[in-house]
Every structure is written in structure tokens, then in C-alpha cells.
Amino acid sequence: PRKDTSRDEDSLAEKNPESSNLFEVVRLAKSAMESVVDDWLESYKQNKETGFLELINFFIRSCGCKGESPCILRSLTESCTPLCLRGPFRAGFCELVAVLVQRCQYSIMYDEYLLDNLISLLTGLSDSQVRAFRHTSTLAAMKLMTALVRVAVGVSLHKDNSQRQYEAERSKGPSRRATDKLEALLEKRRQLQEQQDEIENMMNAIFKGVFVHRYRDMVPEIRAICIEEMGNWMQNYSVSFLTDGYLKYIGWTLHDKVGAGAWERPWPGRGVDNSVEWWRSREVQRDREGLGAGLETLSLLNLSCSHLGRNMEEMLTDEDCEAVYPVVYASNRALAAAAGEFLYRKGVAWEKGRREGSRHFFRLLLAFFIESELHEHAAYLVDSLWDSIRSCWGDQEENALIEVLVSSMRQATEGKPPVGRGPGKKVFSARERKTQEDDREKLTHYLIPLLPQLLAKFSADAEKVALLLQAPRYFKLSLYSSGRLEKYLEQLLAQVREVVEKHTGQEVLEAAARALYVLCNPEFTFYSRVDFARSHLVDMLADKFQQDVAELLQVPPRGEEVYSMAATLKRISIFHNAHDLTPWQLWEPCFQLLHPTSYSELPLQVVVPTMTCLHFSILWELAHITGASPKQLLDLRRKVASFCSLCQSCLSDVDAGVQEQAFVLLSDLLVVFSPQLVRGGREALQLLIYEPEVALQSQLAGFLMDHVFNHTELLGSGGYWGDDEDTEGKIHRLHQRRNLLAGFCKLIIYDVLELSAASDVFKHYAKFYKDYGDIIKETLSRTRQIDRDEWARTILLSLQQLLTEMLLQHGPGPGSSKAFLEIRDLARRFSLLFGPRRLHNRQALFDMHKAGIKFAFQEPAPSGSEFGPLNLPFLELLSEFSPRLLRPDKKVLAYLGKTCQARLSPQDQAKRWPPILTYRRSLISLDDMGLDTSQDAMPRPQRRPDSAAKKRRLDGEGQMPHSRPVWEIVGVALLAGTPLSARLKAGCQLAPETLSQTVPLGTGPLRPRITAAFRVLPSLRNRISAILSRTTWVQ
């Protein structure tokens, strides 16, 4: 039979009236809440500790805890209903919290004790796995937040009034101005500002500590409490809460079908029309970055456009439409397609009554593409609009229209979204492939006669020509012969030749070379024509180059001759990339130009294309070396060695462009002729493997330091985007530096350079994280897969190099300098890379600690130094890796003792140097907490829970994996003053006097108050334990 709870409550009130007074008064609801709160405040003013313990007991008993029992945790496994769910008590409970804040808003609220500790208590209880704790503490925290919002609104109004009075008094003339009044108003405004900051800190602590975790709680009632109270905050303090940072939680909660009860209760002061208008104006703006809710919003807008037509134009303002337009460039294709449909309907459907609807839309589309400053890639715009306007292409415009035309051809023939949007590969059905082939044939028939005309019309415009030369890639080229269109092929080849002769731009020449490459396919019947045209063009370039080389080696060139030769070499180098120019024997004349005897007189603009020609000449010779004789292999190896030596000498050139080109070509060539060349059954090419010398490896690393990690224009890390700077140029230079770094990292990954060479890259991981973080992180991941032990030694070497550089620059000193803290932060990042699988990293970490200890005592202490051995601070860096050790591997502590005895004198061994203490503490800290870290690495067997076990887990019942007595939860919350979610697993067993040293307190405004609490409340733990040890849990 069920116990009579009312009789037990009355008996408990008689036994302990002080601790039960507040709870009983609220439960019986026989007194006015204002008088109850005033009486409690009088007792609180007389003794803060006693008064606050009474408030704690009120919240604990409101969770359903009462009676006497030696074991509280036993009742946690039983079904438990919080008393705040009952109607009368819930109303009194909420009223008590509101009246408490109202009565304290002028003095006690800012005493740095009551509300701070109350917030910490509620935060800790809301993180419990017991539903009664979470429900009651969440309701109290949300009502406390609502009361604080009302106080914040009042303080804000007082501050604004004070500001207006100050400005009015200040605007008076000097004779009428009252200086004393100005000072008083200024002091009042300062006090109000401090109060507002204090209240906002409290609200922020509640929001981040309770709301962020409980608005998605598994219990629908708890979720409804959070969202309902957020509506009150937005209504009362819209300036702070009607922002994207809070509206996103409303958007996410709209998909909560179970806890939708909060939306059934209308928010005060808002009708249906006002709510829709209020939400629409913010949702259109916010959903530019959203996916789910943004897609639903755009779908609703498109549906409205299809039904309402021109009436929708009157409902949506220009600002609303301008907020939707840029979404066509979003990375999510579904969202971008919805925005494209809206853009199409806005331009065409709303102009339905006009004869020029489609033409007018294209004018608007071109204007939008030209004037848009958010994106420059037409492919994304075409992909967004493709589903809506697939049959509407046909106008001939310049610049933007040509780019749109080429992008539409690619979309029609390939059907693939642009890079970064959608999956990398898409499997098409037979019907889709048939549609693509039909589209390809139609556009080929239409554009083959027009392409030579367009090239002739825009032949002087490099940008347009480069775009038009991409068109043959998407043609069905067999139509040139089957459709009897050979005359247009002749015209196209003539235009390509004219473009190559007229232009020297990189993009135009690459497009021309690529177009000839597409046409030069031996499978086509017209291959002989295209090959003849290509050979004729290359003959012309090669003859001119040979003539220029002969003149250059005899007579120093003049300005016009240098420009002509540089242009010819540039054309040849670009064509050499796509076409095999080996029959023209360009190796010897190019190598003569770069010979040391003539290199000093060679113009700089000629060096780079000459090096590029040599590079591609080697690669084409390697491509044709199948079944070659040893003599041919030796000849090719000689060319590789000569070219590498040439690039090595160019690394010390005075021109930065020559150095970078030499580095890029050298890194690519070393990767090609690395040990991976013989894989896949190519053992005959073993003779071609080229291993760089030590001097070359050092020179490559030095180049990396000078050109990649030694620049002042830090776009991401520490730099700024100045309006007076060439932003596009800075981005281009950053892209070049990223390519250089990627080339060096490839040398390490493909086993060209030793893994230890990666230390020059790893040590810049934190400092240049925003510029090169993705490249360095990928290199860390790849090298870890190659050799985990060597990878760990390389990380250790990186830290050793950084510490040595710091000591050389700043000398020995305490480990609190900014440079040392940056190195320690890097060590912390490195430690995270070892991951949770400790068994895989066990040996590497153990060897790493031993090597680190040896390095720390490697150098003796400087004479007269009080900081110990020179490298001793390295132990602090090594302590960041201690948590990754398994418990049996803590024997490195003994190795540390042996090293100290061997390297230090008895006098020095007696000294307590901070690095040694920090490292020892990191090795024994987990043992002191009683945690068996060796179990973290062992896989735990899991079994499928039965229905009863699953039901208990969903109801919040069952034994918690890291349960602690209630006095520990309350005591730690009161003493620490910070959320407990990350500290209940390790901090509850510690004594109060050591809690401040082990629990990170952060740097927020609560830190000085917590420090004071440690001084005045060391005995509070025992008192809380004595009060709560006699309690039980009731349903």
C-alpha cells in the first residue's frame, strides 16, 4: 500500500522546522508570497549560510526528496515525480522564484553570493540523469531567467533615462550647467551599466548552463518549459533576444512534434497576423544560411508565387527578395535550386502579361550576375536555375552571357553539379544519358557554325576567347564528319592559330592548347587535318624559338627581342603541357639557355618558361619509355639529375618568381621519380628512382621557411583585410604559398624526404592554422598512417625545435611567457591527435616521454641560473601528453627519478622546480582521483537491452554510470560556482580545499567570488551532508 505522504511531511516539519519552513509554507499556500520572501530575506541577512541552506533544502524537497533513509541513491532507481508538476504547488513554486528576484533586485542580487550560488546549484541539478532533478531545476532556472529579464528591462530603462538627463544637462550653456549634477548623473549611469552587465552575465550563465542543454531534453515537458519561457524573454526584452543567436532555437524547435505544446499556448501580446509577419521578416533574412528551415521557407515562397502570381509582388518587399537572391550561390544544391526557382518566378512569372517575359528575364539575370559581388562563378548560377529555365537559352550577349552559355553547355552534356556541390560522382540512368546525348547533339549542330564566327568577333578580347575555346569539350565532335561540317572545322582551326599568334595570356593559351588536344583524337576521321594544323603551328613556334636562341647566345638581346622570345617560350611551354613536342627536340636548346655560362645574362622572363619546357620534356619522355633499353633509362636519369641540379641552383636566384617555379617543378619531379615509380609491375624502372641529396633536402626546407612561413601578410592568422590593400592579390599570393606547402608535404608523404623533415611544417601548425591548417592537419594524418612511432618522434622534434628557438631568442626563464604558452598550446593540439585508441599509440607515447625526459636534462643549467637545466621547461610541454598514457605506463615517473639522480647534483635534486612538479603532477593526477585509465582503452562488450531496460532508461531510471551522493552534487555546485556537467565524473571525490586547484574556473566574472567562497565556506560540505543524509525519495 502507498504511504501517506502528507503525514510524513508534517512529521518532518515538526522534527526539523527550520529546514522545512520555506517548503511547508509554499506547499500549504496559506501566506502571501511577499511576506514569505521577506521573512526569508531577514533570516538570510542575519546568517547567509543558514538562509541559503534553507533555500537549497526547498529546491531539493521540491524534487520529491523527504523522509529519512541511510541510502539516497537506492531511491533514485524508483519512479519519482517532482512536486512542481502539481498545480497549486507549481504556481507557488514559480511565484516564489519571481518574488525572490523582485525583492532582491536593488541590493542582495549584487552581493556576489546568493544568485551566483543559486545559479550554480540549479545548473548542476539540471545536468542530473534523474528526471525529478532535471525537471524541477529547469523550471526554477527558466523562471529565474524570466525574473532577471524583467529586472534587466528596468535597469535598461533607468540607464536610458539617466543618459537623456545627462545629455540634456550637458547641452545647457556654461552658466546654467550644474557640474555637481553632471557628475552625479555620470556616476549613476556607471552604476546602472555595472548592474546591467552583472545581470547579463547571470542570464548568460543560465542560458548556456541550462537552456542550451535542456531545450532538447528527452522529456517533452522540459523542452516545452524552455521554449515557453524563451517566448517571454523575446516579448519582454526584444532588443537582446530577438536576434539570430536566439531565433535559431525557435527554428530548430519547430520540428519538435512531440513537445509542440509550447506552441499551442499563444505568446502574450501577439496575434496570428503579427506573429506571421514577425517571423517572416526574420526568417527570410536568417534562412540565407539555413538548410532545413531555409528550404521549407523557399518552398513556401515558390508555392505562394505559383498561386498568387502578381499579388505576391505586392506582399514581398524588395528587401525581402534581395535577401533570397544570394542563396543561388549556396553550397547545398536543393537550397540553391529553390532560390533559383524563386528568382525565375520573380523575373518571368510576375511578368507573365508582357510579350517579352523571357527576354526581360534574361536582361534581369545578366544584370544580377554582373552586379553581384558575392560570387564570380556562373556555373553555380546556371546549376541553380537549370531546373527552372532549361528551355530558355538563346540570346547573344557579351562577357557574362558567354560564361553562362559555356556553363549551360557543361550542365547539359555532363549533368554534374559544380565542385563542392553534391556528391563527386553521380550515376545516371539510361533515360538521363539519352537526354544528355540528345542535348549534346542539338547544341553541337547549333554552335558548330557559330563558334568560328564568335571567335572572330571577339578575337581581341582574351576573356571571351578563353571561354569560347572551352566549347569543343562539350561538342559531339563526330558530327564534324558525319554531318558534313568539315569546313567549320577548318575555320575553327584557323581561328585557334590566330588566337595563339595574337595572345600571350596564360588562360587563353591554355584554352587553345586544350581545344586542340580535344580535337586531336585518333579515333576521329578528321584527325589528320587537326594533326597537320597542330604540327604547322608548332613548327612555326619551334623555328622562331631556334632562331631566337641562336641570336641570344651570340648577341645580348634588346627589349623587343626579349619580349618576343619570352612570348614564344611561353606558348611552347603551355602547349608542351597538353601535347607531346618530343619530335621537335626542344631539350638541348632549352638546356643551353639555362647553362651556367649563359644563365647570368638570361632575362628573368625567359627563365620560367624555359624551366617549364624542360620539365614537360622529361615527363613526356617518361611516358614513352615502355620497354626501353638500359641506355635510354640512363639517358633519362641523366636528364633528371641535370634538371634537379639546375632547379637547385635556381632556388638561390634573386627573383622570387624563379625560385617558386623551381621549387614547384622540383617537388613535382621528385614525386614522379620517387620509390612509388616502380609500383604496379614497373620494376624495370628501378634505375630511374632519384633520391635527393642531403644538401637539396636542406635547401628545400629552407625555401619553405623563407617563402611560406615567413611572410607578413597573414590573411588568417593575425593579419587584416585593409581597404587600401589589393585583396585579390593577397588571396592569390596566399594560394601560391599553399601550393608550395602542399608540394613539400607531398615529398614527405611519398617517401621522398624523411619523415623527420616534417618537423619544419608541424611546428607551425598552431601559428599558421587559419592559413595552412587543413594542409598541415592532412599531412599529420597521412604521416601517422605511414609510421606511428616515427610520427610521434617527429612531433617531439617539432616541440624541441620550437623550445630551442625560444631559448635562443629570449633566454631561460619561467614558463609563463607568451612564446612558451604558444608552444604549450601547440603541444596540447598535438596530444589530441593521438585520439582515444590508446593501445595503438601506447609504445609511441611511452618512447616519446622517455625521449622528452632525456632532452629536458640534456643541457646543464647555465651558471648562476635559478631555473635549472636549460631545457627543463620541456617537461611542461610533455605533461600535455600525460593523459594519453595508460596507467601501467606511468612508470616513466620512475625513469624521471633516475634521470634526475643521474643528471642533477644532490643540491639541485632538493629544489622544487615548477616544470618537474607539473610533470609529476600530470603523471599521478589520475591515480589520485581513483580512476583506472587502463580501462579506457579496452573495448567494452555491449548487449542489446531488453524492452524493460530500455523503458527504464527512457524514463530516467536505473543506476547512473557515475552516480554521486546528493551532498556532493550540491556541495560542488555551491563551492565551485560553475556548471558540473564535465566535472561530476572526476571532481566529486576531492576535498573542498583542493577543489579550486583541480576544477578549471575560467576567466569569467564568477572567478573572484568563487575564490572568496573557498575561504569562508570550507565547512559547508559537512553541514549539507548532515542535513541531506536523513532524506529519502518519494514518488
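Note that the structure is predicted; figures quoted are calculated from it, not measured. (Residues numbered from 1 in each chain as written. Predicted model: local features only at pLDDT ≥ 70, side-chain atom pairs only at ≥ 80, totals over all residues. Heavy atoms only, no water.)

K.L.:
I'd like a rundown of the overall build of the chain, residues and numbers included.
P.N.:
Within the chain one finds 50 helices and two strands. Evaluated residue by residue, the chain yields a buried proportion of 48% over its 1035 residues. Accessible surface computed for the chain: about 53000 Å², of which carbon and sulfur atoms make up 51%. (Helix = DSSP H or I, 4+ residues; strand = E, 2+ residues; numbered from the N terminus. Buried < 20%, exposed > 50% of the residue type's maximum accessible area, 1.4 Å probe, protein only. Areas by Shrake-Rupley, 256 points an atom, 1.4 Å probe, with all protein chains shown as cover.)

K.L.:
Describe the environment of isoleucine 60, with residues and values.
P.N.:
Structurally, isoleucine 60 is set in helix H4 (residues 48-62). For isoleucine 60, a relative accessible area of 1% puts it in the buried group. Separated by 73 residues in sequence, isoleucine 60 and phenylalanine 133 have C-alpha atoms that sit 8.0 Å apart.

K.L.:
How would you summarise the UniProt feature "coiled-coil region" (unreviewed entry) in the chain if you had to cite specific residues and measurements?
P.N.:
Here the UniProt feature "coiled-coil region" (unreviewed entry) sits at residues 175-205. Structurally, residues 175-205 comprises 87% helix and 0% strand, and the distance from its first C-alpha atom to its last is 48 Å. (UniProt positions renumbered as here; feature names shortened; annotations may be inferred.)

K.L.:
A description of H4 should follow, citing residues and the corresponding values.
P.N.:
With 15 residues, H4 extends 21 Å from end C-alpha to end C-alpha; this agrees with the ideal 21 Å at 1.5 Å per step. Within H4, twelve of the 15 residues are buried, leaving the element largely enclosed by the surrounding structure. Considered for burial, the residues of H4 that qualify are Gly51, Phe52, Leu53, Glu54, Leu55, Ile56, Asn57, Phe58, Phe59, Ile60, Arg61 and Ser62. Positive phi shows up at glycine 64, right after H4, with a value of about 105°. (Expected span 1.5 Å × (residues − 1).)

K.L.:
Quick one: what's the story with the packing of helix H7 (residues 114-126) against helix H9 (residues 179-214), residue by residue and with numbers?
P.N.:
For the pair H7 and H9, interaxial distance at closest approach is 10 Å and the crossing angle is 10°. Relative to H9, the element H7 lies roughly parallel. Contacts between H7 and H9 pair Leu115, Asp116, Ile119, Thr123 and Ser126 from the former with Met202, Ala205, Ile206, Gly209, Val210 and Arg214 from the latter. A class-by-class count of the residues in the contact of H7 with H9 yields six nonpolar, three polar and two charged. (Axes fitted to C-alpha atoms, helices over the stretch in contact; angles between N-to-C directions. Parallel < 35°, antiparallel > 145°, perpendicular 65-115°, else oblique. Contact = heavy atoms within 4.5 Å. Nonpolar A, V, L, I, M, F, W, Y, C, P; charged D, E, K, R; others polar.)

K.L.:
Run through the packing of aromatic side chains, naming residues and quoting values.
P.N.:
Remark: the centre distance and the inter-plane angle together describe each pair of aromatic rings, the angle taken between the planes. If you walk through the whole model with that rule in mind, you get 32 aromatic pairs. Ring geometry for phenylalanine 211 and tyrosine 215: centres 5.6 Å apart, planes at 10°, overall stacked. The burial state of phenylalanine 211 is the same as that of tyrosine 215; both residues are buried. Between phenylalanine 663 and phenylalanine 703, the aromatic rings sit 4.5 Å apart at their centres with planes inclined by 20°, giving stacked as the arrangement. Of this pair, phenylalanine 663 sits in helix H34 (residues 656-672) while phenylalanine 703 sits in helix H35 (residues 694-707), and the two are 40 residues apart along the sequence. (Phe/Tyr/Trp six-rings, centres within 6.5 Å; stacked < 30°, edge-to-face > 60°.)

K.L.:
Describe helix H27 (residues 506-519), naming the residues involved and giving the relevant values.
P.N.:
Taking 1.5 Å as the rise per residue, H27 with 14 residues should run 20 Å; its terminal C-alpha atoms sit 20 Å apart, in good agreement. Within H27 the residues assigned to the buried category are Val508, Leu509, Ala511, Ala512, Ala513, Ala515, Leu516, Val518 and Leu519. Buried residues in H27 make contact with helix H24 (462-468), helix H25 (479-482), helix H26 (486-502), helix H28 (527-554) and helix H29 (559-578).

K.L.:
Help me get a handle on the environment of arginine 90, residues and values and all.
P.N.:
Take arginine 90: it is sitting in helix H6 (residues 87-104). In this structure arginine 90 comes out as partly exposed when scored by relative accessible area, which is 27%. Along the sequence, arginine 90 and valine 26 sit 64 residues apart, while their C-alpha atoms lie 9.5 Å from each other.

K.L.:
Help me get a handle on the packing of helix H39 (residues 788-810) against helix H41 (residues 838-856), residues and values and all.
P.N.:
Running from N to C, H39 and H41 point in directions that differ by 30°, and their axes come no closer than 9 Å. In terms of axis orientation, H39 runs roughly parallel to H41. In this structure, H39 crosses over H41, and the sense of that crossing is right-handed. For the pair H39 and H41, the contacting residues are Arg788, Asp789, Ala792, Ile795, Leu796, Gln800, Leu803 and Thr804 in the first and His840, Asn841, Ala844, Met848, Ala851, Gly852 and Phe855 in the second. Classifying every residue of the contact of H39 with H41 by side-chain character gives eight nonpolar, five polar and two charged. (Left-handed = near helix turned anticlockwise from the far one by under 90°.)

K.L.:
An account of the confidence of the model for the chain is needed here, citing residue identities and associated values.
P.N.:
In the predicted model, the chain carries a mean pLDDT of 76, and 74% of its residues have values of at least 70. Overall, residues 262-276 carries pLDDT values under 50, and its contacts beyond four positions in sequence, including any with other chains, amount to 22 contacts. (pLDDT = per-residue confidence, 0-100.)

K.L.:
Can you explain unusual backbone geometry? Please cite residues and give values.
P.N.:
For arginine 484, which is not glycine, the phi torsion reads 55° and is therefore positive. Relative to the helices and strands, arginine 484 is located in the loop between H25 and H26. Within the chain, glutamine 585 stands out as a residue other than glycine whose phi angle is a positive 50°. Assignment of secondary structure puts glutamine 585 in the loop between H29 and helix H30 (587-593).

K.L.:
Would you mind going over the nonpolar core in detail, with residue names and values included?
P.N.:
If you look at the biggest cluster of nonpolar residues, it comprises 186 residues, and the most contacted ones within it are Phe475, Tyr480, Phe673, Leu741, Phe830, Phe857 and Leu875. Among the elements that make up this core, the one with the highest residue count is H39 (nine residues). Excluding residues that lie within four positions of it along the chain, tyrosine 480 makes contacts with Ile448, Phe475, Leu485, Glu486, Tyr488, Leu489, Leu492, Leu519 and Phe526. Residues Val97, Leu125, Val130 and Leu148 belong to the second largest nonpolar core, which totals 75 residues. (Core = buried A, V, L, I, M, F, W, Y, C linked by side-chain atoms within 4.5 Å.)

K.L.:
How would you summarise the environment of asparagine 204 if you had to cite specific residues and measurements?
P.N.:
Structurally, asparagine 204 is set in helix H9. Considered as a pair, asparagine 204 and methionine 145 are 59 residues apart in the sequence and their alpha carbons are 9.3 Å apart.

K.L.:
Quick rundown of the pattern of salt bridges? Include the residues and the values.
P.N.:
One pass over the full model with this rule turns up 32 salt bridges. With its nearest N and O atoms 3.8 Å apart, the salt bridge here joins arginine 529 to glutamate 490. Of this pair, arginine 529 sits in helix H28 while glutamate 490 sits in helix H26, and the two are 39 residues apart along the sequence. Residues joined by salt bridges that share partners form a network here, namely Glu621, Asp635, Arg638 and Lys639. (Salt bridge = Lys/Arg side-chain N within 4 Å of Asp/Glu carboxyl O.)

K.L.:
Would you mind going over the side chain of serine 459 in detail, with residue names and values included?
P.N.:
Looking at where serine 459 falls in the secondary structure, it is placed in the loop between helix H23 (450-457) and H24. A polar contact of 3.4 Å, which involves the side chain of serine 459, links it to the backbone oxygen of alanine 456. Beyond its immediate sequence surroundings of up to four residues, serine 459 is in contact with Val465, Glu498, Lys502 and His503. (Polar contact = N/O pair within 3.5 Å; in protein donor to acceptor, adjacent residues only side chain to side chain.)

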